[in-house]
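Each chain, letter by letter, is given below.
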Amino acid sequence: MTAARAWLAFIAVLVATSGAAEDMAEKRGSGVSLEHGPDLAMCAPDGIAIGGYDVLSYRSDGGPRQGDPEFAADHEGKRYLFVSADNRDRFLADPARYVPAYNGFCAITLSFGRVTCPEYTNFKIEDGRLLLFEVTGFTNGRTLWNSDADTFRQRADANYERLLELR
């Protein structure tokens, strides 16, 4: 890790784990701590998953694209939109392959014990999983994640399991 990346990671961890940062985050509405039992549907209040983006388009050269309600499919209580009938049918054949990790919540904030909705165009495919990240002020969640992906992944996985147990 370069010195600049290490410094960025240190500052982000310090801010994300400080009490003042949590107070500011609550006031901004940028998430809910796991202890407050966030609603698993909070990022899909209208029932539309991941802001209406086609989950297959994240794996294509063109990047994420908005889906069309004409090509919709329901899965686990959410409606997914697709750019074509072919994408919808591929999704329905293997939804577990395409649904975003962590219920579509921001992966980095989940690693810090908070649940936030991501910027749907800020993403990474890692080990076959679609990870989504928020951008807050000067901090890009994906950049921070990349600074120590193994640690953040372990923490996010554990916190997501904990979130599911709290439900």
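Relevant structure appears above.
None of these values were measured; they are calculated from a predicted model.

Colleague: Now, about the side chain of Ser-111: what can you tell me, with residues and values included?
Modeller: Note on placement: Ser-111 falls in helix α5 (residues 107-111). When its relative accessible area of 2% is taken as the criterion, Ser-111 is described as buried. Within polar-contact distance, the side chain of Ser-111 engages the backbone oxygen of Ile-108 at 2.5 Å. When residues no more than four places from it in sequence are discounted, the contact partners of Ser-111 are Phe-152, Arg-155, Ala-156 and Asn-159.

Colleague: I'd like to hear about empty space enclosed by the protein, residue by residue, with values.
Modeller: By the definition in use, this model includes one cavity of 30 Å³ or more. Among the residues forming the lining of the largest cavity, the class breakdown is nine nonpolar, two polar and one charged.

Colleague: Residues and numbers for helix α7 (residues 149-166), please.
Modeller: Between its first and last C-alpha atoms α7 spans 25 Å; for 18 residues at 1.5 Å apiece the expected length is 26 Å, and the two agree. Tucked into the core, α7 has its buried residues touching α5, β4 (114-115), β5 (119-126), β6 (129-133) and α6 (141-147).

Colleague: Describe the environment of Ile-125, and please don't skip the residues or the numbers.
Modeller: Mapping Ile-125 onto the fold places it in strand β5. Given a relative accessible area of 33%, Ile-125 falls into the partly exposed group. In this structure, the C-alpha to C-alpha distance between Ile-125 and Tyr-58, residues 67 residues apart in sequence, is 8.1 Å. With residues up to four places along the chain from it excluded, the contact list for Ile-125 reads Tyr-58, Arg-59 and Leu-130.

Colleague: So what's going on with unusual backbone geometry? Which residues, and what values?
Modeller: The phi torsion at Asn-103 lies on the positive side, around 60°, for a residue other than glycine. Positive phi is not limited to glycine here, since Asp-127 has a value of about 50°. In this structure, Asp-127 sits in the loop between β5 and β6.

Colleague: Please provide a residue-by-residue account of the pattern of salt bridges, values included.
Modeller: Enumeration according to the criterion identifies seven salt bridges in this entry. As a salt-bridge pair, Asp-89 and Arg-88 come within 3.3 Å of each other at their nearest N and O atoms. Note that Glu-126 is salt-bridged to Lys-124, the shortest N-O span being 3.1 Å. Using a relative accessible area of 8% as the deciding quantity, one classes Glu-126 as buried. Several salt bridges converge on common partners, so that one network encompasses Lys-124, Glu-126, Asp-150 and Arg-153.

Colleague: Account for the nonpolar core, with residues named and values stated.
Modeller: Counting 36 residues, the largest nonpolar core has Val-55, Tyr-58, Phe-82, Phe-91, Tyr-102, Ile-108 and Trp-145 as the members making the most contacts within it. Elements with a minimum of two residues in this core: β2 (68-75), β3 (78-82), α5, β5, β6, α6 and α7. Top contributing element to this core by residue count: α7, with five residues. Not counting residues up to four positions away in its chain, the partners in contact with Phe-91 are Val-55, Leu-56, Ala-73, His-75, Tyr-80, Phe-82, Tyr-98 and Val-99.

Colleague: So what about the state of the cysteines? Which residues, and what values?
Modeller: As enumerated under the stated definition, the model contains one disulfide in all. With a sulfur-sulfur separation of 2.0 Å, Cys-43 is cross-linked through a disulfide to Cys-117. Torsion about the S-S bond of the Cys-43 and Cys-117 cystine: about -100°, corresponding to left-handed handedness. Linking Cys-43 in the loop between β1 (32-33) and β2 with Cys-117 in the loop between β4 and β5, this pair joins segments that are 74 residues apart in sequence. By relative accessible area, Cys-43 is classed as buried at 11%.

Colleague: Any chance you could break down the pairing of β3 for me, citing the residues and the numbers?
Modeller: Among the five residues of β3, four are classified as buried, and the element is accordingly described as predominantly covered. For β2 and β3, the ladder comprises five bridges, and the chain directions are antiparallel. Within β3, the position partnered with Asp-68 by the bridge is Phe-82. In this antiparallel pair of consecutive strands, β2 and β3, the connection spans two residues, and Glu-76 shows a positive phi of 50°.

Quick notes on the rules
Residues numbered from 1 in each chain as written. Predicted model: local features only at pLDDT ≥ 70, side-chain atom pairs only at ≥ 80, totals over all residues. Heavy atoms only, no water. Helix = DSSP H or I, 4+ residues; strand = E, 2+ residues; numbered from the N terminus. Buried < 20%, exposed > 50% of the residue type's maximum accessible area, 1.4 Å probe, protein only. Polar contact = N/O pair within 3.5 Å; in protein donor to acceptor, adjacent residues only side chain to side chain. Contact = heavy atoms within 4.5 Å. 1 Å grid on protein atoms, 1.4 Å probe; cavity = no way out; pocket = protein on both sides within 12 Å on 5 of 7 lines; lining within 4 Å. Points joined across faces, edges and corners; volume = space filled by probe spheres on them. Nonpolar A, V, L, I, M, F, W, Y, C, P; charged D, E, K, R; others polar. Expected span 1.5 Å × (residues − 1). Salt bridge = Lys/Arg side-chain N within 4 Å of Asp/Glu carboxyl O. Core = buried A, V, L, I, M, F, W, Y, C linked by side-chain atoms within 4.5 Å. Disulfide = S-S within 2.5 Å. Pairing = 2+ DSSP bridges.

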